[in-house]
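What follows is each chain in one-letter form.
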Protein chains: 2
Amino acid sequence: MSGGASLRLIGDYVAPMDEALSVHSPGFVDVTDGRVAACGPLSGAPLPPDGAVVSNVGGLVMPGMINGHAHSAMTVLRGAGEGLPLERWLSEVVWPREGRLDPDDVEVGMMIGAAEMLRNGVTTSNEMYFFPEAVAAGVARAGMRAIVGIAIIEGLARFGTPEAQLEAGVALRERTLGNPLVEIALGPHSGYNLGDDTLRSIRDEAIARDMLIHIHVAETPTEGDAVTARTGRTVPEHLDDLGLLDARVLAAHGVWLTESDMRLFAARGVGVAHCPGSNGKLASGIAPVRSMRAAGVPVAVSTDGPASNDNLDVLEEARLALLFARLRDGDAAALGVSDALHMITREAAAALGRNDLGSLEEGRAADVIRIDLDRPEYEPIRSPSDVLGLLVWAGSSRDVTDVWVAGEHVVDSGVVTTLPLDDIRAAGRRIADRIAG
Amino acid sequence: MSGGASLRLIGDYVAPMDEALSVHSPGFVDVTDGRVAACGPLSGAPLPPDGAVVSNVGGLVMPGMINGHAHSAMTVLRGAGEGLPLERWLSEVVWPREGRLDPDDVEVGMMIGAAEMLRNGVTTSNEMYFFPEAVAAGVARAGMRAIVGIAIIEGLARFGTPEAQLEAGVALRERTLGNPLVEIALGPHSGYNLGDDTLRSIRDEAIARDMLIHIHVAETPTEGDAVTARTGRTVPEHLDDLGLLDARVLAAHGVWLTESDMRLFAARGVGVAHCPGSNGKLASGIAPVRSMRAAGVPVAVSTDGPASNDNLDVLEEARLALLFARLRDGDAAALGVSDALHMITREAAAALGRNDLGSLEEGRAADVIRIDLDRPEYEPIRSPSDVLGLLVWAGSSRDVTDVWVAGEHVVDSGVVTTLPLDDIRAAGRRIADRIAG
């Protein structure tokens with residue numbers, strides 16, 4: 001079906017992920033021109049859009065999930081160096097292999113990641129990696145939605161100066177403007193890796209062109225020590241001194257933000273991508289998600305790259321976010337089901353400055369998923385809202401069967417319709433062998 | 001196929017979960033009379049057992065997982081009271097509903113839980129609940145293996161005195177001796193709930209009959225305060241003073257064990273069931289798993305009941321165990337893939353004193369699962385051992401397709417063959433409605 005066609009989906013339960021977390025049972029979603037035309041309870045629904053294909057899909061229908069921070073092309077590095085300590089894993093395994101990647105490899109890696117995310121019900125990912133044109137090509141072939149950040153990093157000679165990387169990113173953005181599924185962002189690695197002049201240039205370009213800045217912040221307790229020694233400021237304060245936080249900014253990790261940093265982020269409208277699985281696997285710590293949100297910072301629960309997670313399963317991360325927050329605070333009320341669902345849908349969209357995504361409210365993108373509830377884990381459902389708690393605490397992204405992006409049916413009964421998955425996986429295996437050296 | 005028949009399973013990868021974590025690719029498992037007759041690489045395999053049915057199942061073949069601590073009949077309470085603070089959840093939701101359960105309800109709840117566990121690749125569960133005869137009947141109908149602990153608790157008038165509960169448990173054990181799948185254990189709730197004389201009687205019966213004692217220990221930091229005030233001892237020390245640790249003992253939780261408690265457990269051969277998901281959801285804390293194991297205590301990674309988890313997914317718990325240990329210690333080397341796999345198979349068996357389970361070594365029970373690897377999450381596999389890390393970090397119990405218990409094929413291509421699942425789920429819904437009052 002083309003994105004221009006109209007569609008009515010009917011689910012046993014439809015959770016639009018509105019502010020109140022309504023669940024309509026049964027419910028409907030109408031799609032026209034790739035956007036939500038209407039959503040609500042089936043009883044009292046308007047006539048379907050003229051010419052609409054009506055599909056009674058059953059199960060739970062909700063918006064596609066949003067991944068706020070990922071390096072998905074790293075699927076070709078997944079599992080490599082398992083068991084090595086962090087420093088050796090990076091220096092002996094990850095960096096040498098990344099140094100052997102070319103753009104075609106990155107496109108394949110991204111397609112594998114996109115296939116995995118789509119099957120897991122993730123319809124938008126905020127990506128950051130080398131060869132962003134290849135990342136954009138991979139997500140475009142998958143028919144997935146993405147924000148593609150051009151990595152800007154100091155010290156990798158093969159990519160030229162940070163200024164050259166910035167220039168290439170801006171040029172890519174101009175070439176990509178016509179693609180409704182792909183937005184190009186600027187991905188300065190971090191406030192400690194890049195010099196002040198570079199960060200100011202990035203800020204200027206981002207504001208001039210309304211580009212998202214996607215940057216790592218406060219992943220480890222010591223990464224900002226040199227900045228603080230030089231400036232007397234935390235890294236977030238330093239970024240604000242440079243004016244960078246006046247742009248649209250998504251800060252990845254935020255594990256070691258101070259209370260004052262959080263207030264600053266809230267004042268500047270900075271969103272945070274919270275990556276509990278990666279932060280746990282690498283022993284980075286537990287981000288103060290409850291405090292961030294109390295300060296007014298929108299949070300997107302995210303996977304990080306598949307080399308440090310090792311999957312791209314946003315629903316799993318949502319459950320981890322609840323568990324970690326409760327352990328951090330020693331309080332079973334620290335975060336709950338509604339928080340988890342918001343942080344993978346509408347609040348994640350807000351964190352990215354993309355309020356056209358993340359819920360099935362009229363006018364937003366028709367990125368929709370259908371989850372099969374025919375498993376013991378989803379028993380008992382005594383009232384429609386029960387389904388939300390069961391999904392977060394007992395469910396699995398493996399139960400996603402169907403996915404639509406901008407109204408296109410890209411996963412049909414568990415099969416990704418847009419990609420030749422066997423070929424891509426075989427290519428991924430060849431790349432993994434080659435880069436192992 | 002009857003348990004007396006012979007079988008050869010051939011997998012693309014066969015991980016017997018031996019001490020060295022071998023992976024044979026391709027590999028085989030021979031089953032005779034419900035036990036493993038041989039297991040190894042297919043090249044150089046002996047002739048299959050005479051009359052064996054040979055089945056080339058592909059995928060990853062490994063022993064069924066072991067759940068070291070569960071109250072699985074609580075599936076009928078799953079999700080109830082979601083979002084309430086702990087005290088209100090217990091007093092307003094859980095306890096009143098449990099008070100309305102009868103034995104038939106518990107049998108249904110256990111069958112739902114058994115179906116869920118089997119589909120998730122769990123072939124043995126160490127259970128503790130009211131109406132243990134109903135629990136035993138439920139697992140027997142599912143064709144699952146279980147240790148069924150009779151809950152012994154002070155203060156619930158409907159179940160009579162603890163002494164009466166003990167007597168009923170011993171009688172049930174005598175009636176169940178002929179059942180090869182069900183072992184009856186004694187389930188004293190805790191060292192702080194029961195009086196010294198009762199605990200001594202339980203100890204005497206357990207030792208006289210070689211029954212496992214399954215008991216909650218150190219789930220919260222304050223639960224043992226009264227015992228310590230009265231005796232000057234930690235609860236584990238108090239249990240040892242009563243001689244209880246001379247029996248075969250599985251201590252559930254162990255979140256707040258002292259270093260000295262761990263040494264005591266190691267000296268007495270006590271195993272611990274570690275329940276990271278439940279301990280996180282209820283904000284109980286993170287058990288010192290690395291220290292326990294360093295002291296010599298075998299650990300079984302476990303789900304606890306589905307009212308505080310909310311699923312019965314042992315593989316998910318294994319991943320949580322790694323993440324939690326790394327966060328607790330701030331050390332990415334705290335626990336790794338081999339630890340996780342041992343703690344859901346052979347080490348879990350050791351923690352339960354059941355070295356007839358938990359690996360595909362000759363003579364052990366033929367409890368076998370097959371996992372489908374045809375998903376992007378299992379890419380790339382460059383050497384056979386990679387599959388183990390991918391399973392733990394990126395995989396899902398949803399990918400289990402086939403399960404054999406004592407050589408019986410109880411899950412066939414995702415379908416539980418032993419139970420009328422639709423009927424049971426409908427019965428579970430009726431029970432959930434009725435006990436909500």
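This is a predicted model, so every value here is computed, not measured. (Residues numbered from 1 in each chain as written. Chains lettered and ligands numbered in written order. Predicted model: local features only at pLDDT ≥ 70, side-chain atom pairs only at ≥ 80, totals over all residues. Heavy atoms only, no water.)

Visitor: Help me understand helix α15 (residues 421-435) of chain B in this model?
Guide: Every α-helical turn comprises 3.6 residues, leaving residues that sit three or four positions apart pointing alike. Residues and elements named next belong to chain B. The end-to-end C-alpha separation of α15 is 21 Å, in line with the 21 Å expected for 15 residues at 1.5 Å each. Taken together, the buried positions of α15 are Leu421, Ile424, Arg425, Ala427, Gly428, Ile431, Ala432 and Ile435. The buried residues of α15 occupy an angular sector of 160° when the element is viewed end-on, so they sit on one face. Counted as exposed and oriented over 90 degrees from the buried face of α15: Asp422, Asp423 and Arg430. Contacts from the buried residues of α15 go to α1 (86-99) and α2 (103-119). A positive phi of about 75° marks Gly437, the residue just after α15. (Helix = DSSP H or I, 4+ residues; strand = E, 2+ residues; numbered from the N terminus. Expected span 1.5 Å × (residues − 1). Buried < 20%, exposed > 50% of the residue type's maximum accessible area, 1.4 Å probe, protein only. Arc of directions from axis to C-beta. Contact = heavy atoms within 4.5 Å.)

Visitor: In this structure, what is going on with the domain arrangement of chain A? I would like to understand it.
Guide: You'll often see interface size given as the accessible area lost when the parts meet. Residues and elements named next belong to chain A. Its domain assignment divides chain A into domain 1 (6-63 + 365-416) and domain 2 (65-351). For domain 1 and domain 2, the distance between their C-alpha centres works out to 28 Å. The interface of domain 1 with domain 2 comprises 28 residues on the first partner and 26 residues on the second. At the boundary of domain 1 with domain 2, total buried surface from both sides reaches about 2,300 Å², with 66% on carbon and sulfur atoms. Sorting the residues of domain 1 by area buried against domain 2 places Val392, Trp393 and Ser397 first, and these three jointly supply 29% of that buried surface. In this structure, the connection of domain 1 to domain 2 is made through 2 salt bridges. Two residues, Arg346 and Glu19, come together in a salt bridge whose shortest N-O distance is 3.5 Å. At the boundary of domain 1 with domain 2, the tally comes to 9 residue pairs in polar contact (both at pLDDT 80 or more). (Domains from an automatic or database assignment. Buried area = accessible area lost by both parts, 1.4 Å probe. Salt bridge = Lys/Arg side-chain N within 4 Å of Asp/Glu carboxyl O. Polar contact = N/O pair within 3.5 Å; in protein donor to acceptor, adjacent residues only side chain to side chain.)

Visitor: Whenever I open this one, the interface of chain A and chain B confuses me. Can you help?
Guide: Facing 53 residues of chain A, the contacting portion of chain B comprises 53 residues. Between chain A and chain B lies a buried interface of about 4,800 Å² when both sides are counted; carbon and sulfur atoms form 54% of it. Contact with chain B buries area across many residues of chain A, yet Glu379, Arg398 and Arg425 of chain A alone supply 15% of it, more than any other trio. For the pair chain A and chain B, the number of links is 14 salt bridges. The shortest N-O distance in the salt bridge between Glu316 of chain A and Arg319 of chain B comes to 2.5 Å. Linking chain A to chain B there are 30 residue pairs in polar contact (both at pLDDT 80 or more). Of all the secondary structure elements, the ones that give two or more residues to the side of chain A that touches chain B are α2 (103-119), α9 (276-281), α11 (314-329), α14 (386-394) and α15 (421-435) of chain A. When residues in the side of chain A that touches chain B are grouped by element, the largest group, 7 residues, is from α11 of chain A. Of the residues that constitute the side of chain A that touches chain B, the class distribution is 21 nonpolar, 11 polar and 21 charged. (Nonpolar A, V, L, I, M, F, W, Y, C, P; charged D, E, K, R; others polar.)

Visitor: Any chance you could explain unusual backbone geometry here in plain terms?
Guide: Trans is the prevailing form of peptide bonds, just as negative phi is the prevailing case for residues other than glycine. Residue Pro26 of chain A is bonded to the preceding Ser25 of chain A through a cis peptide linkage, with omega at -10°. Relative to the helices and strands, Pro26 of chain A is located in the loop between β2 (13-14) and β3 (27-32). The phi torsion at Asp304 of chain B lies on the positive side, around 65°, for a residue other than glycine. Looking at the element boundaries, Asp304 of chain B is found in the loop between β14 (299-301) and α11 (314-329). Judged by its relative accessible area of 5%, Asp304 of chain B falls in the buried class.

Visitor: Mind showing me how you'd approach empty space enclosed by the protein here?
Guide: Where empty space is left in the structure can be found by rolling a water-sized probe over the atoms. Counted according to the given criterion, the structure contains 7 cavities of 30 Å³ or more. Size it by volume and the largest cavity reaches roughly 210 Å³. Looking at the largest cavity, it is lined by 18 residues, and the ones nearest its centre are Glu316 and Ser396 of chain A together with Asp313, Glu316 and Ser396 of chain B. Counting only elements with at least two residues in the lining of the largest cavity, the list comes to α11 of chain A together with α11 of chain B. Counted by class, the lining of the largest cavity contains 2 nonpolar, 8 polar and 8 charged residues. By volume, the second largest cavity amounts to about 170 Å³. Forming the walls of the second largest cavity are 16 residues, and the residues nearest its centre are Arg326 of chain A together with Gly83, Leu84, Trp89 and Lys281 of chain B. A per-class count over the lining of the second largest cavity returns 8 nonpolar, 4 polar and 4 charged. (1 Å grid on protein atoms, 1.4 Å probe; cavity = no way out; pocket = protein on both sides within 12 Å on 5 of 7 lines; lining within 4 Å. Points joined across faces, edges and corners; volume = space filled by probe spheres on them.)

Visitor: Before we go on, may I ask you to explain the pattern of salt bridges in this structure?
Guide: Oppositely charged side chains may form a pair once their charged atoms are brought near each other. Summed over the entire model, instances satisfying the criterion amount to 80 salt bridges over all chains. The partner of Asp399 of chain B in a salt bridge is Arg398 of chain A, with the nearest N and O atoms 2.6 Å apart. Taken as a pair, Asp399 of chain B in the loop between α14 (386-394) and β16 (400-405) and Arg398 of chain A in the loop between α14 and β16 (400-405) lie in two separate chains rather than in one. Residue class for Asp399 of chain B comes out buried when judged on its relative accessible area of 6%. A relative accessible area of 12% places Arg398 of chain A in the buried class. With a shortest N-O distance of 2.7 Å, Arg209 of chain B and Glu205 of chain B are connected by a salt bridge. On the criterion of helical spacing, the pair formed by Arg209 of chain B and Glu205 of chain B is a turn pair, its members being 4 residues apart in helix α5 (residues 196-209).

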